[in-house]
Amino acid sequence: MGQPLPHEPRPVLRPSTTARICIVSQAPGVRVHASGTPFTDPSGDRLRAWLQLTPKEFYDQRRMAIVGVGFCFPGHDAAGGDLPPRRECAPAWHDRLFAAMPQLELILAVGSYAQHWHMDVSSGSSMSAIVARWRELLDADTRPRRVALPHPSWRNNAWLTANPWFEAEMLPRLRQEVRRLL
């Protein structure tokens, strides 16, 4: 186990035994820690825009599960950025949690931490290479299908500019599938 959290633990997740879609992200940031609701920050605004979902649709726990690789805000690093998800959280909880959600048909792995935990990727695979496999992954026969998304943070603006296919090709197809499953 790592060092104690620098604050009181506040797990933020929305599992569901009825949702067919699960968004898996890295770990809550400080705003989400304060609100207790996933993606109540600018990254959440962008993710909802990517998926063309209203907040009511996005937060409907009957239809959408939201789980992080880490359930609690891990704190800040020396430069003020968010620390990565705690190493002990996913191994302790994810297998049991996802075993309780066998109805899932689509897992959206948002960001590299979620991709490396929930997808069959080698440790040297770049986020670009993983996301670029979207057609193969979205059309797979296995369930749940696992599709990678870049983290919707402003830090990925350059990646979005360098990869226009993401918004022009992938997102329209992903939106169709999300609508179908909702």
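Rules used throughout
- Residue numbers restart at each chain and count upward from 1, following the sequence in its written direction.
- Per-residue local features are limited, in this predicted model, to residues with pLDDT of at least 70; the limit for side-chain atom pairs, both in listing and counting, is 80 or more; totals at the level of whole chains, interfaces and linings are taken over all residues.
- With hydrogens and water set aside, each side-chain value is computed from the structure's full complement of heavy atoms.
- Counting from the N terminus, the helices are DSSP H or I runs at least four residues long and the strands are E runs at least two residues long.
- C-alpha atoms define the radius of gyration, and 2.2 Å times the number of residues to the power 0.38 defines the globule rule.
- Buried, partly exposed and exposed residues are distinguished by accessible area as a fraction of the type maximum, computed with a 1.4 Å probe on protein chains only: under 20%, between the cut-offs, and over 50%, respectively.
- The contact rule is simple, with two residues in contact once any of their heavy atoms fall within 4.5 Å.
- Nonpolar core, defined: a set of buried Ala, Val, Leu, Ile, Met, Phe, Trp, Tyr and Cys residues in which side-chain atoms within 4.5 Å join the residues together.
- As a per-residue measure, pLDDT reflects the predictor's confidence and takes values from 0 up to 100.
- Criterion for a salt bridge: a side-chain nitrogen of Lys or Arg within 4 Å of a carboxyl oxygen of Asp or Glu.
- The aromatic pairing rule takes the rings of Phe, Tyr and Trp, using the six-membered ring of Trp, and pairs them if the centres are within 6.5 Å, calling planes under 30 degrees apart stacked, those over 60 edge-to-face and the rest tilted.
- Throughout, the protein atoms alone are placed on a 1 Å grid, and a set of points is a cavity if a 1.4 Å probe fits but cannot get out or a pocket if it is open with protein on both sides within 12 Å along at least five of seven lines; lining residues have an atom within 4 Å of a point.
- Grid points are joined across faces, edges and corners, and a volume is the space filled by probe spheres set on the points.
- When residues are grouped by polarity, Ala, Val, Leu, Ile, Met, Phe, Trp, Tyr, Cys and Pro land in nonpolar, Asp, Glu, Lys and Arg in charged, and all others, Gly among them, in polar.

Another aspect to go through is the overall build of the protein. Of regular secondary structure, the protein possesses nine helices and four strands. Reading the helices (α) and strands (β) of the protein from amino to carboxyl end gives β-α-α-α-β-α-β-α-α-α-β-α-α. In terms of overall size, the protein behaves like a compact globule, its C-alpha atoms giving a radius of gyration of 16 Å where 182 residues would be expected to give roughly 16 Å. Taken over the C-alpha atoms alone, the protein extends approximately 40 × 35 × 35 Å along its principal axes. Among the 182 residues that make up the protein, the fraction classed as buried is 49%. Across the protein, every contact between residues at least 6 apart in sequence was considered, and the portion connecting residues at least 24 apart equals 73%.

Residues C22, I23, F98, L108, F166 and L174 are the most contacted members of the largest nonpolar core, which totals 49 residues. Element by element, the count of residues in this core is highest for helix α9 (residues 165–181), at six residues. If near-sequence neighbours (up to four positions away) are discounted, L174 is found in contact with L51, L106, L108, L138 and L149.

Do not read the fine detail of predicted coordinates wherever pLDDT is low. Across the protein, the average pLDDT comes to 88, with 96% of residues at or above 70. Looking at the elements of the protein, mean pLDDT is at its lowest for helix α1 (residues 30–35), recorded as 72, and at its highest for α9, recorded as 97.

Turning to the pattern of salt bridges, a few remarks are in order. The full count for this structure, using the stated rule, is eleven salt bridges. Here R173 and D139 are joined by a salt bridge, their closest N and O atoms 3.0 Å apart. Placement of R173 in helix α9 and of D139 in the loop between α7 (134–138) and β4 (145–149) is noted, with a sequence separation of 34 residues between them. On the basis of relative accessible area, R173 is assigned to the partly exposed category, the value being 26%.

Counted under the stated rule, the structure contains six aromatic pairs. Ring geometry for F39 and F58: centres 6.0 Å apart, planes at 85°, overall edge-to-face. Pair noted here: F39 is in the loop between α1 and α2 (42–51) and F58 is in helix α3 (residues 55–58), with a separation of 19 residues, a long-range link. Residue F39 is classed as buried on the basis of its relative accessible area, which comes to 6%. For F58, a relative accessible area of 0% gives the class buried.

What follows covers the layout of surface pockets. Vacant regions in the atomic arrangement are exposed by a probe of water-molecule size rolled over the atoms. Roughly 920 Å³ of internal volume is contained in the largest pocket. Taken together, 39 residues make up the lining of the largest pocket; nearest its centre are Q26, S43, D82, H151 and R155. When contributions to the lining of the largest pocket are tallied by element, the ones reaching two or more residues are α1, α2, β2 (64–68) and α5 (112–118). For the lining of the largest pocket, the class distribution of residues is 19 nonpolar, 14 polar and six charged. In this structure, the second largest pocket spans a volume of roughly 260 Å³. The wall of the second largest pocket is formed by twelve residues, among which L5, C72, R86, E88 and C89 lie closest to the centre.

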